[in-house]
Amino acid sequence: MTTRRALLAAAAGTAALLAAPRIALAAWPADRAIEVIVPFPPGGGVDNMVRPIIHFVQPRLPGARFAVVNRAGAAGQLGFEANFNAAPDGYTLGAVTNTAMHAIAVERRPRYRPEDFTYIANVVDDPGGFWVRADSPWQTLADVQAAARRNPEGIGVGTAGIGSDDHLLQLGFEEAAGCRLLHVPYNGTAPVMRDVLGGSLPIGSLNMSEGLQMLREGRMRCLGQGGPTRWAPTGQVPTFREQGFDVLGGSARGIAGPPGMPAEIVERLRNAFREALADPAMIADAERTGMPLRPLIGEDYKRMMTEDYAAIRGLWQRRPWREG
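This part covers helix 6 (residues 165-177). With 13 residues, helix 6 should cover 18 Å at 1.5 Å per step; its first-to-last C-alpha distance of 18 Å lies within 8% of that length. With respect to burial, helix 6 is a largely interior element, eleven of its 13 residues being buried. Those residues of helix 6 that sit buried are Asp165, Asp166, His167, Leu168, Leu169, Gln170, Leu171, Gly172, Phe173, Glu174 and Ala177. Positive phi appears at Gly178, one or two residues downstream of helix 6, with a value of about 65 degrees.

Right, dumping it as structure tokens:
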């Protein structure tokens, strides 16, 4: 009898274990709040991407509640690690960026592997650009190239920091143009813009959305933008490629989860983001706030991130931006 009871108990336990994932899937997403980790402080470009898109995603996942949590530190590394190492149950997602996340992974060994995230949706791709004061004598990137060849490492380019997308855009231009500029790292974009406007910094490397208002007011000009095509609100600014420099640069920002998430949950999330990014109200909101949308879902998003990671690894091998 004891043996029979033990066998029955073991069978019941096995059945319970097999049923547990199904029960969890059935409960998702209403069981508890879905935490969305933002690896940067509130009010920045990544934070300002996450909150609007979550607002439009939530109604497309009946019962879902979202909690956006800022976990800043180590240039985004702490937040990327928290996302990657979370339980893959659909209750933790996080914002990821191409340049910052990939640059960290080639500079050192973080507790995440970019290729193993579960990629849900890219939302924004904010091209970088070379910005000058409105009265600068330079009108094109070729003008900068010529000036830099006459005066190697004599022309300062301000960026938001070493290894930032702004800095990598500068390195890419130097490689394509066959010249050397002087890197001037700042703690963020605001002081870069301040010094360009004040005349103490010849060039600022910053995202197109960040300089948009200054462009509209006629206080700054953009010599070139680093997207594959011109962003519509800055359609008067040619790309680097249009000017003969095969350079792409900017900040792609999207949503990913830890490795190993259940396929059913991943599919529901991807569909919700797909619908939200096609919502006319979301598109209008992005246009109003100057947010350059680039919807990429699932495998398309993963492919873009994989290609970017390879490009950044290649640049590091040719022009490492930190001393080892």
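So, on to the environment of Gly90. On the secondary structure map, Gly90 appears in the loop between helix 3 (77-84) and strand 3 (92-97). A sequence separation of 215 residues divides Gly90 from Met305, and the C-alpha atoms of the two residues are 21 Å apart. Leave out the neighbours within four places in its chain, and Gly90 touches Trp28, Ile34, Met261 and Ile265.

This next bit is on the pairing of strand 9 (residues 250-257). Summarising burial for strand 9: eight of the eight residues are buried, a large majority. The side-chain alternation of strand 9 yields two buried faces, one formed by Gly250, Ala252, Gly254 and Ala256 and the other by Ser251, Arg253, Ile255 and Gly257. The pairing of strand 3 with strand 9 spans four bridges and is classified as antiparallel. Bridge pairing links Val96 to Gly254 in strand 9. Alignment of strand 4 (residues 118-133) against strand 9, held across eight bridges, turns out to be antiparallel. Bridging across to strand 9, Ala121 finds its partner in Ile255.

What follows covers the layout of surface pockets. When its volume is computed, the largest pocket comes out at roughly 1100 Å³. In terms of lining residues, the largest pocket is bounded by 42 residues, among which Phe40, Gly45, Val46, Glu210 and Arg253 are the most central. Put simply, the parts of the chain that give the lining of the largest pocket at least two residues each are helix 2 (45-57), helix 4 (98-107), strand 4, helix 6, helix 8 (208-216), strand 9 and helix 10 (280-289). Residue contributions to the lining of the largest pocket peak at six residues, all from helix 4. Of the residues assigned to the lining of the largest pocket, the class counts are 15 nonpolar, 18 polar and nine charged.

Another point: the state of the cysteines. Here, disulfide denotes a covalent bond that connects the sulfur atoms of two cysteines. For the structure shown, the criterion picks out zero disulfides. A disulfide-free cysteine, Cys179 has its sulfur positioned 16 Å from the sulfur of Cys222, the nearest such atom. Residue classification places Cys179 among the buried positions, given a relative accessible area of 6%.

Conventions and cut-offs
Residue indices follow the written sequence of each chain, beginning from 1 at its first position. Where totals are concerned, whole chains, interfaces and linings use all residues; where local detail is concerned, this predicted model gives features only for residues with pLDDT of at least 70, and gives and counts side-chain atom pairs only at 80 or more. Side-chain metrics in this entry use all non-hydrogen atoms of the structure; hydrogen atoms and water are not considered. Helix numbering and strand numbering both begin at the N terminus, where a helix is a DSSP run of H or I of at least 4 residues and a strand a DSSP run of E of at least 2. Take the residue count of a helix, subtract one, and multiply by 1.5 Å to get its expected span. For the exposure calls, accessible area comes from a 1.4 Å probe over protein chains only, and a residue counts as buried if that area is under 20% of its type's maximum, exposed if over 50%, partly exposed in between. Any two residues whose heavy atoms approach within 4.5 Å at even a single point are treated as in contact. When DSSP finds two or more bridges between two strands, those strands count as paired. Both site types are read off a 1 Å grid over the protein atoms alone. A 1.4 Å probe that fits but cannot get out defines a cavity, while an open set with protein on both sides within 12 Å along at least five of seven lines defines a pocket; lining residues have an atom within 4 Å of a point. Grid points are joined across faces, edges and corners, and a volume is the space filled by probe spheres set on the points. Each residue receives one of three labels: charged for Asp, Glu, Lys and Arg, nonpolar for Ala, Val, Leu, Ile, Met, Phe, Trp, Tyr, Cys and Pro, and polar for the others, Gly being one of them. For this text, the term disulfide refers to a pair of cysteine sulfurs within 2.5 Å.

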